[in-house]
Amino acid sequence: MENDWTKPAAVAIPKEGFFKDQEQQGRYGPIFPKTPACYGFSIIAKIIPGHEENFYEYGRNLAEGVAGTPDLLASLKLHYLRWNLFQIKGDTYFQYMGIFDTDFDKYTEDAVAIFAATGRSTVFENLEGFPKDWRTNAGAFIKFMRDHQCPSFMEYGEYPYVSADEIKKALKLKAAFSNMLDQMQ
Amino acid sequence: MLEFDDIQHILLERAPALAARYEFLTFRDAPGGRKWLNTIRQTVKSVAEIRAGIDDLRWVTVAFTWNGLQALGLDEASLASFPDEFRQGMTARAEVLGDNGPNHPDHWVGGLAGPDVHAVVILFARDVDERERCRIEHEKLLACSAGVEVLSTLDLEATPPLGYAHDHFGYRDRLSQPVIEGSGEEPTPGSGAPLKPGEFILGYPDELGPAANLPQPEILSRNGSFMAYRRIEEHVGAFRDFLSSQGQNSEEQEFVAAKLMGRWRSGAPLVLAPLKDDPKLGADPQRNNDFNYKEMDPLGYAAPLGSHIRRMNPRDTAANMNRRRIIRRGATYGPALSEGVPDDGVERGLAAFVICASLIRQFEFAQNVWVNDKNFHELGNERDPFIGHQDGTLEFKIPKRPIRKTIKGLPAFTTVRGGAYFFLPGLKALGFLAGLKSR
């Protein structure tokens, strides 16, 4: 049951990334399923040779951006982002793993809007085959993401399906109760 | 600078009409279709012409489906340059739009679900007599336009009382519409700053920058737009029965009606009038849209998080709002159902055109993410109470101290009876299409 957060859950996902009998059509194609680990993606793409340092610099810039504007990425409804660079046969690849509470296409559309609104570039510009007109062509950006999505074959949630907003509400409630108990002393 | 002399009036102007007629056409051969277009286009007025006119009695709009553009003989390269969602058409996008169950295209009327919908002629008329005169005129034109057939028609009339626009459920309408930069119109307080024209009119900069990825050739797309047509039946009897079951008296029932909408039926927003209706506020455009949610009602104690107006325009509680706005033009159809009278089974509802530069980014987003996402604002098991797909298993939650009220098993108050995606060309583009050569 999706609402039973007390019961850890795991889901095995077919190779194609979708459950054929539950496939839902989204605006840009089939929606990657929500699992006990919420929505998310794992984008893996080859970087343009010699651009490694740009990734590290972008990571530092993003960290500074979020420190200065903590709600910078709020519209993406994220739980976590993890970025890696790794080597395969001498080539460098970038892996972008995100866990979030909106569907794949909306995440990408909102990400384009954040980059546009803040005048930021995207780290994706350092990837081979990334569309140069991404700022004005969200559809091309989304297609790139879909083409480079590496679907999970298993996802697990210790507190399955719980959104980041629900977690934040629970923590606020805990803080409110702590405060209440302090006031009762 | 907007080219007012080339933009079809419907994009920027709301005709003061009490009657309307939509005629859906099919082209059996390209030359016949182009000949018809070459005549009808003489009646289609630009924004500039409408603004200069003083005694207009009727306002005509012409638009085409992708199949219609193909049937007129547009070349393959141009056809391929249109966005995928428009090329596929509304029927193919049913799942994205939440058109399931009784709303599915399998149940649509007027031939709208099939591939023969090629064009729509939208007539707004000052009154029913003028509509009838225009109907006869168009009938004469069609009689001498070989290869052009009427697939279906819909007559529309303002529902009484006529002093203000409202739907069959009695809710005041047309309270929150975006304003386009450079249109000469001033937004009412609370409606936000004017939006870049490219959000609605092709060929102009949008909120992200210069226009891009437009249908080709440029003369075809410039000053054009896209329209999503929706014919939505309103089940007035079922709605009244539901309200009766939700309150002991009319005051309690009106309260629930207001909570579902986010406004009282008078138009007064719950954020500004949370406990009692304020009809003067509802009728005052300087005040009736002047509110936000983030600061004034973050938890939905006034307007519930899942109420219709909060879903259709989340204002300051959604990201990138300026990229999601839509313009709506339309009217009510079918006879009004008098108070206290059982439902007569006659179809009545709203039939409207949603205008935007990108169907996938604006109209489909609103349908998919705001109207039919069960988890909008973490609500868990709700869809839009009026236009979301309701199958009797969903809820509607009304925040209230100390404990919220949850209405379980919300019935469907509306059914989608038809729809289609249209391209609304500028006036020069109508001439371009009429002048196409046979392939």
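See the structure above.
These notes cover the structure that comes with them. As the structure is a prediction and not an experimental result, all values here were calculated from the model.

This part takes up the nonpolar core. Where a protein is soluble and globular, its nonpolar side chains tend to be buried together. In terms of nonpolar packing, the biggest core is built from 83 residues, with Tyr22, Trp36, Leu37, Phe64 and Phe422 of chain B touching the most fellow members. In contact with Leu37 of chain B, other than residues within four places in its own chain, are Val62, Phe64, Leu72, Leu430, Leu433 and Ala434 of chain B. With 31 residues, the next largest nonpolar core counts Leu72, Phe104, Phe115 and Val123 of chain A among its residues.

So, on to the side chain of Gln362 of chain B. Residues and elements named next belong to chain B. Relative to the helices and strands, Gln362 is located in helix H13 (residues 359-371). Assessed through its relative accessible area of 0%, Gln362 is described here as buried. Every residue in contact with Gln362, bar those within four places of it in the chain, is listed here: Glu199, Phe200, Arg323, Arg324, Arg325, Ile326, Cys356 and Ala357.

All names here are of chain B. Following the criterion strictly, the structure yields 48 aromatic pairs over all chains and no others. Residues Phe239 and Phe413 carry aromatic rings whose centres are separated by 5.0 Å and whose planes lie at 80° to one another, so their mutual orientation is edge-to-face. A residue pair is termed long-range when its members are at least 10 positions apart, and Phe239 in helix H9 (residues 236-246) and Phe413 in the loop between strand S9 (405-408) and strand S10 (414-424) qualify at 174 residues. No difference in accessibility class separates Phe239 from Phe413, as the two residues are buried. Between Phe365 and Trp370, the ring centres sit 5.2 Å apart and the planes meet at 85°, which makes this aromatic pair edge-to-face. Residue classification places Phe365 among the buried residues on the basis of a relative accessible area of 2%. The exposure class assigned to Trp370 is buried, which follows from its relative accessible area of 4%.

What follows concerns the interface of chain B and chain A. Taken together, the contact pairs 18 residues of chain B with 22 residues of chain A. Summing the contributions of chain B and of chain A, the shared interface buries around 1,500 Å²; its carbon and sulfur component is 51%. Between Asp110 of chain A and Arg324 of chain B there is a salt bridge; the shortest N-O distance is 3.5 Å. For the pair chain B and chain A, the interface holds 8 residue pairs in polar contact (both at pLDDT 80 or more). Mapped onto the side of chain B that touches chain A, the elements with two or more residues apiece are helix H6 (94-97) and H13 of chain B. Sort the elements by how many residues they give to the side of chain B that touches chain A and H13 of chain B lands first, with 6 residues.

Along helix H1 (residues 30-40) of chain B, the positions that sit buried rather than exposed are Ala30, Gly32, Gly33, Arg34, Trp36, Leu37 and Ile40 of chain B. If you check the start of H1 of chain B, you find a side-chain oxygen 2.7 Å away from the backbone N of Gly32 of chain B, and it comes from Asp29 of chain B.

The subject of this paragraph is the packing of H9 of chain B against helix H10 (residues 250-261) of chain B. All names here are of chain B. It is at 8 Å that the axes of H9 and H10 come closest, and there the two elements cross at 120°. Comparing the axis directions of H9 and H10 gives the class oblique. Two packed elements cross with a definite hand, and for H9 against H10 that hand is right-handed. Counting all contacts with H9, which are made through Phe239, Phe242, Leu243, Ser244 and Gln246, the residues of H10 involved are Gln253, Val256, Ala257 and Leu260. A class-by-class count of the residues in the contact of H9 with H10 yields 6 nonpolar, 3 polar and no charged.

A negative phi holds for most residues other than glycine; trans holds for most peptide bonds. All names here are of chain B. Residue Pro217 is bonded to the preceding Gln216 through a cis peptide linkage, with omega at 0°. Residue position: Pro217 is located in the loop between strand S4 (148-157) and helix H8 (218-221). A cis amide bond links Arg401 to the next residue, Pro402, at an omega of 0°. Note on placement: Pro402 falls in the loop between strand S8 (395-398) and S9. Its identity is not glycine, yet Asn223 carries a phi of approximately 70°, on the positive side. Mapped onto the secondary structure, Asn223 falls in the loop between H8 and strand S5 (225-234).

Rules used in this analysis
- Residues numbered from 1 in each chain as written.
- Chains lettered and ligands numbered in written order.
- Predicted model: local features only at pLDDT ≥ 70, side-chain atom pairs only at ≥ 80, totals over all residues.
- Heavy atoms only, no water.
- Core = buried A, V, L, I, M, F, W, Y, C linked by side-chain atoms within 4.5 Å.
- Buried < 20%, exposed > 50% of the residue type's maximum accessible area, 1.4 Å probe, protein only.
- Contact = heavy atoms within 4.5 Å.
- Helix = DSSP H or I, 4+ residues; strand = E, 2+ residues; numbered from the N terminus.
- Phe/Tyr/Trp six-rings, centres within 6.5 Å; stacked < 30°, edge-to-face > 60°.
- Buried area = accessible area lost by both parts, 1.4 Å probe.
- Salt bridge = Lys/Arg side-chain N within 4 Å of Asp/Glu carboxyl O.
- Polar contact = N/O pair within 3.5 Å; in protein donor to acceptor, adjacent residues only side chain to side chain.
- Axes fitted to C-alpha atoms, helices over the stretch in contact; angles between N-to-C directions.
- Parallel < 35°, antiparallel > 145°, perpendicular 65-115°, else oblique.
- Left-handed = near helix turned anticlockwise from the far one by under 90°.
- Nonpolar A, V, L, I, M, F, W, Y, C, P; charged D, E, K, R; others polar.

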